[in-house]
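What follows is each chain in one-letter form.
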Amino acid sequence: APAKEPLPDTVSIEIKKEDRELSPALAWDHEPLQLDGDSLTLSLEDAVFTALQRNRDLRIQSLEPVIAGAFELIERGAFQPQLFASLQAQEEEVSETARATGEQFSVSGRGARGEVGIRQSLPTGTDVELTVEQDRSISSRTPEQQGARLGLSVTQSLLRGFGPTVNLAALRQAEIGTLASRYELRGYAEAFVADVETAYWTFVLAQEEIAIFESSLELARQELEEILGRIEVGSLSDTDGAIARGEVARRESALIDARSDLLEQRYRLARLLNASEDGSLDFAIEATSSPSLDTIPIEHLDERIAIALTHRPDLNEARLRLEQERLQTVVTRNGLLPQMDLFITLGKTGYADTFLDSFENIQDDSYDATAGLRFS
């Protein structure tokens, strides 16, 4: 059975009305980035909410439940009443032979037939059709005749297509697909928020590393000056000076790599914020949130695992996909059965030489009834 609806998440995705229009441009209104000159001041919370509002990948992913819901509506349409109508005209010119004299003579005739009705398929495997027909014919040998008929036809599947279990399977699969797509969107949003937070803290780490490497380089330069001074007074050899210069060069290289890594992390964070839509990415990011090392001990581990197994979106989606495939086996098993239908057709007909009289005469004794079995 499908899992229970999970508890509300910290971050929820709202599908607005305009999302349902499925615009190819995928354009939407959002606030531009609030730059302070050439820099963007950003806390962790600001980064998360800005990314949720502006990221195009998440925007595209949010359309998946809308698309899945469209397939659900299509499957529901299979059980909606269907109105139908037909109109046809006929004209003929034929030769007939008189039985008494054996003489051939020509007969001309014309006619028209109209039909309107409504039909509906039921989840039980029953097809019901109600029709109103009008038939008009006239020829050179017979007077005009009009016939009106009210008909009711019921067809019940007895083997293949019998029962609501198999007939509602496609609709149930579509409903499960819609719910699974919501879990998929929820999981994507959670993973996306985690990516934003990781990118933010990686950027903060890159900034801290630059400060460390700058301090390390400054310390190496001080040591080099001290060694050069001791070389001048003769307490150290020139070899010690070469080693100190190599250490300075190594730390300068490490500082260059750290600055390059900071630039890479800034671009990564800006991409998640969809900052390129507002123009150039050449702006500095000032991170205002500081990492906290305070940890909370994990208690009641079994309860936490049970909650995770119940509410994790990827597990819920997997359960729903499994239910979808199980329903497919129901459809396949039923589809291997032969087709046998029980059908009943009832009709009441009125005949007259005018249109209105033919409908008034439907209450006469004329009727037709047909019942039978159809097997293949």
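Everything below is about the structure printed above this text.
Keep in mind it's a predicted model, so treat the numbers as computed, not measured. (Residues numbered from 1 in each chain as written. Predicted model: local features only at pLDDT ≥ 70, side-chain atom pairs only at ≥ 80, totals over all residues. Heavy atoms only, no water.)

Undergrad: Any chance you could explain the environment of Pro65 here in plain terms?
TA: Residue position: Pro65 is located in helix α3 (residues 64-77). Judged by its relative accessible area of 7%, Pro65 falls in the buried class. (Helix = DSSP H or I, 4+ residues; strand = E, 2+ residues; numbered from the N terminus. Buried < 20%, exposed > 50% of the residue type's maximum accessible area, 1.4 Å probe, protein only.)

Undergrad: What am I meant to see in the side chain of Ser157 here?
TA: By the element assignment, Ser157 lies in strand β5 (residues 145-157). Polar side-chain contacts of Ser157 include one of 3.4 Å to the side chain of Asp341. Not counting residues within four places of it along the chain, the set of residues in contact with Ser157 comprises Gly125, Phe162, Gln339, Met340 and Asp341. (Polar contact = N/O pair within 3.5 Å; in protein donor to acceptor, adjacent residues only side chain to side chain. Contact = heavy atoms within 4.5 Å.)

Undergrad: How do you make sense of unusual backbone geometry when you look at a structure like this?
TA: Keep in mind that most residues, glycine aside, have a negative phi and that most peptide bonds are trans. The backbone of His300 shows a phi angle near 50 degrees, a positive value even though the residue is not glycine. Overall, the relative accessible area of 54% leaves His300 in the exposed class.

Undergrad: Would you explain the packing of aromatic side chains in this entry?
TA: Here a ring pair, both rings aromatic, is described through the centre-centre distance and the interplanar angle of the planes. For the structure on display, the rule yields two aromatic pairs. On the numbers, 5.4 Å between centres and 85 degrees between planes, the contact of Tyr200 with Trp201 is edge-to-face. The positively charged end of Arg266 is found above the aromatic ring belonging to Tyr267, 4.8 Å away from the centroid. Sitting over the face of the ring of Phe343, Arg374 holds its NZ or CZ atom 4.6 Å from the ring centroid. (Phe/Tyr/Trp six-rings, centres within 6.5 Å; stacked < 30°, edge-to-face > 60°. Lys NZ or Arg CZ within 6 Å of the ring centre and 35° of its normal.)

Undergrad: Is there a simple way to explain a negative patch on the surface in this structure?
TA: A cluster of acidic residues, Glu91, Glu92, Glu93 and Glu96, forms a negative patch on the protein surface. Summarising the element assignment, Glu96 is placed in strand β2 (residues 82-97). Look at Glu96 and you get partly exposed, because its relative accessible area is 37%. (Patch = residues over 30% accessible without salt bridge, like charges linked within 9 Å, V, L, I, M, F, W, Y side chains within 5 Å. Areas by Shrake-Rupley, 256 points an atom, 1.4 Å probe, with all protein chains shown as cover. Salt bridge = Lys/Arg side-chain N within 4 Å of Asp/Glu carboxyl O. Lys, Arg positive; Asp, Glu negative; His and termini not counted. Charge placed at Lys NZ, Arg CZ, Asp CG, Glu CD.)

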